[in-house]
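# Geometric and topological summary
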Amino acid sequence: MSSPIVLDSLRERAAFMRESLQKSQAVTESMVTILGSFDHRLSALESDMRPMQVKTHAIRRAHENIVKSMQSADVILAQFDVCRKAELKIMKGLNGDYRGFLEALNQLKNVRQYFSSNRSMGNCDAVLNYLDGLIATAIQKLGEDFKQLLFSHSKVVEPDLLFKCLPDSMQPSTGSPGPHGKKTHNGNHTEVKGTEATVHELPTLVPSKAVLVLHQLAEKMVQEGHQQQCIKIFSSTHTYGELYWSSRDCRATVLEQTLRKLGVDRLSRDEVHRLQWEVLEAKIGNWIHFMRIAVKILFAGERKVCDQMFEGMNDLKDQCFAAVIANSFSMLLTFGDAIAKINRTPEKLFVLMDMYEAMRELQPDIEVMFEGKICAEMHTLASSLSKRLAQTAHGIFGDFVEAVEKDATRTVVPDGSVHPLTSYVINYVKFLFDSYQATLKQLFEEINNSGEPGSQLASVAMQIMSSLQTNLDGKSKQYRDPALAEIFLMNNVHYIVRSVRRSEAKDLLGDDWVQRHRKIVQQHANVYKRITWKKIIQSLSIQGLGSLGGSGGGGSDGANSSGVTRAMFIEYALAAPTLLKAILFTRLTCLIVVDTRFKIFNSMFEELHQRQTHWSVPESELRESLRLAVIEILLPAYRSFIKRLAPIIENGKDAQKYMRYTPEDVESMLNDFFEEVIRLIWH
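Residues numbered from 1 in each chain as written. Predicted model: local features only at pLDDT ≥ 70, side-chain atom pairs only at ≥ 80, totals over all residues. Heavy atoms only, no water.

## Some thoughts on the overall build of the protein
Helix and strand counts for the protein come out as 22 helices and zero strands. Burial analysis of the protein (683 residues in total) assigns 43% to the buried set. Once local pairs closer than 6 in sequence are excluded, the contacts in the protein between residues at least 24 apart make up 81%. (Helix = DSSP H or I, 4+ residues; strand = E, 2+ residues; numbered from the N terminus. Buried < 20%, exposed > 50% of the residue type's maximum accessible area, 1.4 Å probe, protein only. Contact = heavy atoms within 4.5 Å.)

## Notes on the side chain of lysine 296
For lysine 296, the location among the structural elements is in helix α9 (residues 277-309). Among the residues examined, lysine 296 registers a relative accessible area of 4% and is labelled buried. Polar side-chain contacts of lysine 296 include one of 3.1 Å to the side chain of aspartate 365. (Polar contact = N/O pair within 3.5 Å; in protein donor to acceptor, adjacent residues only side chain to side chain.)

## Quick look at the state of the cysteines
Throughout the structure, instances matching the rule amount to zero disulfides. Sulfur of cysteine 306: no disulfide; nearest cysteine sulfur belongs to cysteine 320 and is 5.8 Å away. Free cysteine: cysteine 375, not disulfide-bonded; nearest cysteine sulfur from cysteine 306 at 9.1 Å. On the basis of relative accessible area, cysteine 375 is assigned to the buried category, the value being 0%. (Disulfide = S-S within 2.5 Å.)

## Here we look at the packing of aromatic side chains
Under the criterion given, the structure shown has 21 aromatic pairs. Here the aromatic rings of phenylalanine 350 and phenylalanine 431 are separated by 5.1 Å at their centres, their planes lie at 75°, and the arrangement is edge-to-face. In this pair, phenylalanine 350 sits in helix α11 (residues 349-369) while phenylalanine 431 sits in helix α13 (residues 420-448), placing the two residues 81 residues apart along the sequence. Note on accessibility: phenylalanine 350 and phenylalanine 431 belong to one class, buried. Through a chain of ring-to-ring contacts, the aromatic side chains of Tyr528, Trp533, Phe601, Phe605, Tyr638, Tyr661, Phe673 and Phe674 assemble into a single cluster. A cation over an aromatic ring shows up here: lysine 155 above the ring of phenylalanine 151, its NZ or CZ 5.7 Å from the ring centre. When the ring centre of phenylalanine 321 is taken as reference, the NZ or CZ atom of arginine 303 above it lies at 4.3 Å. (Phe/Tyr/Trp six-rings, centres within 6.5 Å; stacked < 30°, edge-to-face > 60°. Lys NZ or Arg CZ within 6 Å of the ring centre and 35° of its normal.)

## Digging into a nonpolar patch on the surface
On the surface, Val27, Met31, Ile34 and Leu35 cluster together into a nonpolar patch covering about 360 Å² of accessible area. Position of valine 27 relative to the elements: it lies in helix α1 (residues 2-92). (Patch = residues over 30% accessible without salt bridge, like charges linked within 9 Å, V, L, I, M, F, W, Y side chains within 5 Å. Areas by Shrake-Rupley, 256 points an atom, 1.4 Å probe, with all protein chains shown as cover. Salt bridge = Lys/Arg side-chain N within 4 Å of Asp/Glu carboxyl O.)

## Focus: the packing of helix α3 (residues 124-152) against helix α5 (residues 208-223)
The geometry of α3 relative to α5 is characterised by a closest axis approach of 10 Å and an angle of 155° between their N-to-C directions. With respect to their mutual orientation, α3 and α5 come out roughly antiparallel. When you trace α3 past α5, the crossing you get is left-handed. In this structure, α3 contributes Leu142, Gly143, Phe146, Leu149 and Leu150 to the contact, and α5 contributes Ala210, Val213, Leu214, Leu217, Ala218, Lys220 and Met221. A breakdown of the residues in the contact of α3 with α5 according to their chemical character gives 10 nonpolar, one polar and one charged. (Axes fitted to C-alpha atoms, helices over the stretch in contact; angles between N-to-C directions. Parallel < 35°, antiparallel > 145°, perpendicular 65-115°, else oblique. Left-handed = near helix turned anticlockwise from the far one by under 90°. Nonpolar A, V, L, I, M, F, W, Y, C, P; charged D, E, K, R; others polar.)

## Description of the nonpolar core
Of all hydrophobic cores here, the largest spans 166 residues; its most connected members are Phe146, Phe299, Phe310, Phe397, Tyr528 and Trp533. It is α9 that provides the largest number of residues to this core, a total of 17 residues. (Core = buried A, V, L, I, M, F, W, Y, C linked by side-chain atoms within 4.5 Å.)

## Re helix α10 (residues 314-340)
Roughly 45° is the biggest bend found in α10, and it falls at alanine 326. Of all the 27 residues making up α10, 19 are buried; the element is thus mostly covered by neighbouring parts of the structure. (Bend = angle between axes of the 7 residues up to and from the residue.)

## A short note on helix α17 (residues 511-539)
For α17, spanning 29 residues, the distance from its first C-alpha to its last is 42 Å, which sits close to the expected 42 Å at 1.5 Å a residue. Bending of α17 peaks at approximately 50° at the position of tryptophan 533. Restricting attention to buried positions, one finds in α17 the residues Trp513, Val514, His517, Val521, His524, Ala525, Tyr528, Lys529, Thr532, Trp533, Ile536 and Ser539. (Expected span 1.5 Å × (residues − 1).)

## Observations regarding the pattern of salt bridges
With the rule as written, the count across this model stands at 20 salt bridges. Across the salt bridge formed by lysine 296 and aspartate 365, the nearest N and O atoms sit 3.1 Å from each other. On the criterion of sequence distance, the pair formed by lysine 296 in helix α9 and aspartate 365 in helix α11 is long-range, its members being 69 residues apart. Relative accessible area serves as the criterion here: at 22%, aspartate 365 is assigned to the partly exposed category. Residues glutamate 624 and arginine 627 are paired through a salt bridge, measuring 2.8 Å at the closest nitrogen-oxygen approach.

## Structural notes on the environment of alanine 340
Here alanine 340 is to be found in helix α10. Spatially, the C-alpha atom of alanine 340 lies 8.5 Å from that of alanine 390, the residues being 50 residues apart in sequence. Setting aside its immediate chain neighbours within four residues, alanine 340 contacts Arg388, Leu389 and Thr392.

## Points about the side chain of serine 154
With respect to the helices and strands, serine 154 occurs in the loop between α3 and α4 (159-164). By relative accessible area, which is 4% here, serine 154 ends up buried. Among the polar contacts made by the side chain of serine 154, one reaches the main-chain carbonyl oxygen of leucine 150 at a distance of 2.6 Å.

## Here we look at the packing of α11 against α13
α13 packs onto α11 with a crossing angle of 45° between their chain directions and a minimal axis gap of 10 Å. The angle between the axes of α11 and α13 places the two elements in the oblique class. Crossing hand, α11 versus α13: left-handed. Between α11 and α13, the contacting residues are Leu349, Phe350, Met353, Asp354, Tyr356, Glu357 and Arg360 on the first element and Tyr428, Phe431, Leu432, Ser435, Tyr436, Thr439, Leu440, Gln442, Leu443 and Glu446 on the second. Taken together, the residues that form the contact of α11 with α13 break down as 10 nonpolar, three polar and four charged.

Have a look at this one:
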């Protein structure tokens, strides 16, 4: 029963829904009709409003364009205002306001950048050209002020100020314009040591405040591409009146004038070679002093100025430094190069060694100062000069060895003392090795580049000594008296040995060489004694005199030389006239033999005394040693001779006729030997 009721209910709802849908459809159709009419009206309205919208949009865009144009005009006007103010500063010049001038220049650069980025604006090219002109004017004024500022602070450094910057060991002596550390071997010698480790006080070439401003100006000029102008200002050497600034306003010319005031001359090689040696030697001494001042003080000062002024501009600071010192360094090196090519003679070795030593001393400073590719040429020039000086000095050294061996002077020393060649060579070698041994080792090392320089130097020293001895052996043959030849050789070899022992040459030649040559001195002394005293000793021989003298002496009874008393003699004479004749004959014979022997001795000794008191053994120890050796062989023989013949001559009326000299007289006379000249070379 329930099912039909449900169905009826559903049917009713379905009918209601159908009716509702029909009503809704009718309403929808009505609304569509109404909306259709509205769409037609809106389309008509839109068509009517479209011209007004277009006008409104055009007005809006015009307004926006006007605003933008006004903004652009403000920017352009602001740029022109900046340009006008900057132009006023530029045209006014720096006048000490370096910061304001540089700021104005930067402003002009910014304005130009603005117009360069907005080339679409009208007349932009004309504006850029105008700005370029202003910037060029600013750079020109910047360069002029850079030059003017550099000029006002570039002054010649007085020599006295330079000398104050030197350590005490390098100070010039009184009355000398600039002496070097060493004198020649004929003068006083003062070594300068440790100068490479000395910190030198540099003079203020340009005040630090000015350097700071110049750094700012240079930095701006480099930024603007005017790097070469900086170099030109630094290194130009215009003559007075060529430009508005004179030749004094550049660092290069100020440096040259400082050196000229110090005493440096610009001489060509030909001019150097035409100078007298005495004049040239003094100039060489000054050159060494000038080189030290130039490198250690002036060039170091210029390097400091360039490093500070062009800080952060490495290439520029090297270029400016090289440009500043180029002429001055060349002027100094030209003189040194001329000396390195001078004719080689022994007396020039010492100044060449001084120059080489100075260049070696300055080498560390030069290496630091001339580092980098830009300064490499100057470093090479300095190294080449050092090499040429070494080669010339080495050549003179070799020539000296050969000259010693081949010396052909015929000078004979009459008293047999030290030959001038010996004293010259030994003084030369002694001074050379005492003063320059370390430098010589460096020189040999640089020349040979192989082997131990010490052994090479020792070999050369032995060659010199050997050459000298060979030459002296030849000169000794000029003496007619072989004994004097031996004295000559003894004196000279002893002088050589004594000098070597007191010099640095001993370290090179060695103790064995010294001991060997001391034996040579003794050998010559022994040969002298044999040649001189052999015959006179033989004349004192008692051979053949045994039957001439008695064994005892007479007393107050007047014993004769044969031991026979006067009473016995009278008795024998009366008893045997023949015996008297025999005794008288024997007596006469003894006196004749004694007289002959004494005459021979006296004659030979007096002749030796006369000659050899004019001979010389200058060194007191050697002289006394030689005298003592002669006394030791002569006096014992002479005393024995006198003792043997005393019974004959002492009882005679003319004893002094035979024995002219007592042993004490002989010894005293021997002390006169070899006293002719005591030469100063031994003191």
